[in-house]
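# Inside the fold
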Amino acid sequence: LAAWRPTMSLTPSRGCLLDLPWEDILVPHILCHLPLQQLLGLQRVSKAFQALVQLYLANMRCFDSSQIGSAVPRTAFLNLLKDNKVLQQLELQNCSDWLTDRELLPVITQNHHLHHIQLKGCAQLSCHALMVISLNCPNLRRLSLAHCEWVDSLSLRSLADRCKALEAVDLTACRQLKDEAICYLVQKCSRLKSLSLAVNANVGDVAVEETAKCCPELEHLDLTGCLRVKNDSIRVLAEYCPKLRSLKVKHCHNVAESSLSVLRNRGVELDVEPLPQTALVLLQDMAGFAPFINLQI
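These figures come from a predicted structure and were not determined experimentally.

Helix and strand counts for the chain stand at 14 helices and 9 strands. Counting every atom, the chain has about 14800 Å² of accessible surface; 52% of that belongs to carbon and sulfur.

Here is the structure:
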């Protein structure tokens, strides 16, 4: 707004700003640089400004709720996006206080170009929301469902069947999911480059090995706290995923340096430190089992 004041002061016309072409100048080159919260305040200036902001909202490609605070009134959210059919990114992280299927589904059903959806911590949604995403977002590439315990195997299968372009999926703490559901996902979505299965006690070697064999483009895998994952699946991961760049296995107490060393030597970023060489030699001399020691805390 400060950038507009000199222009407005040089002419007696109070409407000089609004006289600029809305769709060619104001929306793509001026309004896009204003924080969303300021845009919403701009609506109160006049009916003309309200119409201008509504035009901007209808053509917005990315909506991030954090720009206007996490406690967005339900009616306000629906009003903001009621005319938008061109969204590509939808960021609704940690909106559990107000976001339910009732608010989310109308936005999803009228936006078929979404390729990035962030729903981390949206605990009041249901598995029906994931079904609707599957049916309406065929070009979806990135999806975060972290800490959404409502995600079940049936809704994940629906996602895998219809969103085969997925490249990044975050299933952290989706505690209903077991190996079978993860296997189905990676079999259908072989383009995955990033996958998080962290904090899931039901995920084990079967899911990790199937991920390795089905997703040769995999670059990032998070297995933090997956207590059932063992050395064998890490070795399979090293064999089948040549593009792997990072692996998180903290608190995977059955994963040891004997399997991680191959990845470490290949330059893969790991979140656990190797056993110091001096201690390794000492333990090996004493008991002969040092290569299998895991000193994760």
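Moving on from the model shown.
Attention now goes to the nonpolar core. Counting 92 residues, the largest nonpolar core has Phe63, Leu92, Leu223 and Leu247 as the members making the most contacts within it. Sequence-distant contacts of leucine 92, defined by excluding residues within four places in its chain, comprise Phe63, Ser65, Phe77, Trp98, Leu99, Leu104, Gln118, Leu119, Lys120 and Cys122.

Counted under the stated rule, the structure contains 2 aromatic pairs. Following the ring pairs from residue to residue traces out a cluster consisting of Phe63, Phe77 and Trp98.

As a further point, take the environment of lysine 250. Looking at where lysine 250 falls in the secondary structure, it is placed in the loop between β8 (246-248) and α13 (257-265). Residue lysine 250 is classed as partly exposed on the basis of its relative accessible area, which comes to 39%. Sequence separation of lysine 250 and aspartate 271 is 21 residues, and the distance between their C-alpha atoms is 6.3 Å.

Helical geometry note: an α-helix holds 3.6 residues per turn, so side chains three or four residues apart project in the same direction. When helix α11 (residues 205-214) is considered as a whole, its buried residues turn out to be Asp205, Ala207, Val208, Thr211, Ala212 and Cys214. Buried residues along α11 sit in contact with α10 (179-188), β6 (194-196), β7 (220-222) and α12 (231-240).

What follows is about the sheet that holds strand β3 (residues 116-118). An order of β1-β2-β3-β4-β5-β6-β7-β8-β9 is seen for the 9 strands of this open sheet, with the pairing classed as parallel. The open sheet has two edge strands with one neighbour each: β1 (62-64) and β9 (269-270). As judged from the 3 bridges shared by β3 and strand β4 (residues 142-144), these two strands associate in the parallel manner. Bridge pairing in β4 places glutamine 118 opposite serine 144.

Turning next to the packing of helix α6 (residues 74-81) against helix α7 (residues 101-109). Where α6 meets α7, the axes come as close as 10 Å, and the angle between the chain directions of the two elements is 5°. As judged from the angle between their axes, α6 and α7 are roughly parallel. Residues Arg74, Phe77, Leu78 and Leu81 of α6 form the contact with α7, whose own contacting residues are Arg102, Glu103, Pro106 and Val107. The class makeup of the residues in the contact of α6 with α7 is 5 nonpolar, no polar and 3 charged.

This brings us to the environment of cysteine 189. Assignment of secondary structure puts cysteine 189 in the loop between α10 and β6. Between the C-alpha atoms of cysteine 189 and glutamate 167, which are 22 residues apart in sequence, the distance is 7.9 Å. Once residues within four sequence positions are removed from consideration, cysteine 189 is found in contact with Ala160, Cys163, Lys164, Leu166 and Cys215.

What follows concerns the pattern of salt bridges. Considering all chains together, one arrives at 7 salt bridges under this definition. Measuring nitrogen to oxygen at the nearest pair gives 3.1 Å for the salt bridge that ties aspartate 232 to arginine 235. In this pair, aspartate 232 and arginine 235 are both assigned in helix α12, 3 residues apart and thus about one turn of the helix distant. Residue aspartate 232 is classed as partly exposed on the basis of its relative accessible area of 47%. A relative accessible area of 36% means that arginine 235 is categorised as partly exposed. For the salt bridge of arginine 264 with glutamate 257, the shortest nitrogen-to-oxygen distance reads 2.9 Å.

Before going further, it helps to examine the side chain of glutamate 103. With respect to the element layout, glutamate 103 can be found in helix α7. When its relative accessible area of 3% is taken as the criterion, glutamate 103 is described as buried. At 2.5 Å, the side chain of glutamate 103 forms a polar contact with the side chain of threonine 100. When residues no more than four places from it in sequence are discounted, the contact partners of glutamate 103 are Arg74, Phe77, Leu78 and Trp98.

In terms of backbone geometry, most residues other than glycine have negative phi values and most peptide bonds are trans. The backbone phi angle of asparagine 94 is positive, close to 55°, even though this residue is not glycine. Looking at where asparagine 94 falls in the secondary structure, it is placed in the loop between β2 (89-91) and α7. Look at asparagine 94 and you get partly exposed, because its relative accessible area is 42%. Positioned with a positive phi, alanine 173 is a non-glycine residue whose angle comes to about 60°. Under the relative-accessibility criterion, alanine 173 is labelled buried at 0%.

Conventions adopted
Residues numbered from 1 in each chain as written. Predicted model: local features only at pLDDT ≥ 70, side-chain atom pairs only at ≥ 80, totals over all residues. Heavy atoms only, no water. Helix = DSSP H or I, 4+ residues; strand = E, 2+ residues; numbered from the N terminus. Areas by Shrake-Rupley, 256 points an atom, 1.4 Å probe, with all protein chains shown as cover. Core = buried A, V, L, I, M, F, W, Y, C linked by side-chain atoms within 4.5 Å. Buried < 20%, exposed > 50% of the residue type's maximum accessible area, 1.4 Å probe, protein only. Contact = heavy atoms within 4.5 Å. Phe/Tyr/Trp six-rings, centres within 6.5 Å; stacked < 30°, edge-to-face > 60°. Pairing = 2+ DSSP bridges. Axes fitted to C-alpha atoms, helices over the stretch in contact; angles between N-to-C directions. Parallel < 35°, antiparallel > 145°, perpendicular 65-115°, else oblique. Nonpolar A, V, L, I, M, F, W, Y, C, P; charged D, E, K, R; others polar. Salt bridge = Lys/Arg side-chain N within 4 Å of Asp/Glu carboxyl O. Polar contact = N/O pair within 3.5 Å; in protein donor to acceptor, adjacent residues only side chain to side chain.

Purely spatial values, then, with no claim about function.
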